[in-house]
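# Results of the structural survey
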Amino acid sequence: MTEGAPTRSGGCLCGGVRYEVRGNMRPIVFCHCSQCRRTSGHFVAASACAIQDLSIQRDDTLRWYRSSAHAERGFCSRCGGNLFWRPDSGVHVSIMAGTIDVPTELSAVAHIHTSDASDYHSIADGLPAYAGRGPDELGTA
C-alpha cells in the first residue's frame, strides 16, 4: 500500500462486490477497443492502481472472465457490473471509473484505441486521442 496516498472505495450496483484502493490511482483513460465497448455497452472510462494497492472487501458475486490471451475482466455475476480489467503481468489492475465512490478526485486525460471506436459518436472533448494504446505512461484500460 502506498504510504500517504488517498483511500478510495467502490463496488458494483448490487453491492455483491466492494473494493478499496489504498494508493495512487491513474487518471481516467477512455478506451474505445471493441472488447471494452462490448463489455460496457459504450467505451470504457477506467483508472488503474498497483495490484498490491487493491483490496477486495466483498467478493460474493465477483467472477473473472478470460477475455483475451493476456488479460481477464472482473464483473458481478448478479447485477452484471463491469468492474476490473487485469493483465496477466500482475503489475496493475484497471478499475472502471463509474464503480468508484464519489468524490473520486480523478480527471480524464486521454482516449485510446480510437481506431476501434464505434461510428455513432464523435470524440470532441479536446483530450488527446490515440489510435492504439497511447504512450506507456497512460497504461491500458
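Heads up: the structure comes first, above all this text.
Residues numbered from 1 in each chain as written. Predicted model: local features only at pLDDT ≥ 70, side-chain atom pairs only at ≥ 80, totals over all residues. Heavy atoms only, no water.

Moving on: unusual backbone geometry. Residue Pro103 follows Val102 across a cis peptide bond; omega there is 0°. Among the secondary structure elements, Pro103 is positioned in the loop between strand S9 (92-96) and strand S10 (108-112). The phi dihedral of Glu105 falls on the positive side, at around 60°, and the residue is not glycine. Tracing the chain through its elements places Glu105 in the loop between S9 and S10. The backbone of His113 sits at a positive phi, close to 55°, despite the residue not being glycine. Here His113 shows up in the segment after S10. (Helix = DSSP H or I, 4+ residues; strand = E, 2+ residues; numbered from the N terminus.)

Pairing is mixed across the open sheet formed by 7 strands, whose spatial order is S6-S7-S8-S9-S4-S3-S10. The sheet is open, and its two borders are formed by strand S6 (62-66) and S10, each paired with just one other strand. Taken pair by pair, the neighbouring strands of this sheet meet at an average axis angle of 30°, ignoring direction. (Pairing = 2+ DSSP bridges. Axes fitted to C-alpha atoms, helices over the stretch in contact; angles between N-to-C directions.)

The next thing to look at is the sheet that holds strand S5 (residues 54-59). Strands pair in a sheet through their backbones, by hydrogen bonds, and they do so in one of two ways: parallel or antiparallel. Spatial ordering of the open sheet is given by S1-S2-S5, a layout of 3 strands whose pairing is antiparallel. Of all the strands in the sheet, the pair left with one neighbour each is strand S1 (7-11) and S5. Adjacent strand axes in the sheet meet at a mean angle of 15° when their direction is disregarded. Here strand S2 (residues 17-22) pairs with S5 via 5 bridges, running antiparallel. Within S5, the position partnered with Val17 by the bridge is Asp59.

Turning to the nonpolar core, a few remarks are in order. Counting 18 residues, the largest nonpolar core has Tyr19, Leu54, Leu83, Phe84 and Ile95 as the members making the most contacts within it. If you list the elements that add at least two residues to this core, you get S2, strand S3 (28-31), strand S8 (82-87) and S9. Broken down by element, this core gets its largest block of residues, 3 residues, from S2. Excluding residues that lie within four positions of it along the chain, Leu83 makes contacts with Gly11, Cys12, Val17, Tyr19, Leu62, Gly74, Phe75, Cys76, Ser94, Ile95, Met96 and Thr99. Ranked by size, the runner-up nonpolar core spans 10 residues in total, among them Val29, Cys36, Val44 and Met96. (Core = buried A, V, L, I, M, F, W, Y, C linked by side-chain atoms within 4.5 Å. Buried < 20%, exposed > 50% of the residue type's maximum accessible area, 1.4 Å probe, protein only. Contact = heavy atoms within 4.5 Å.)

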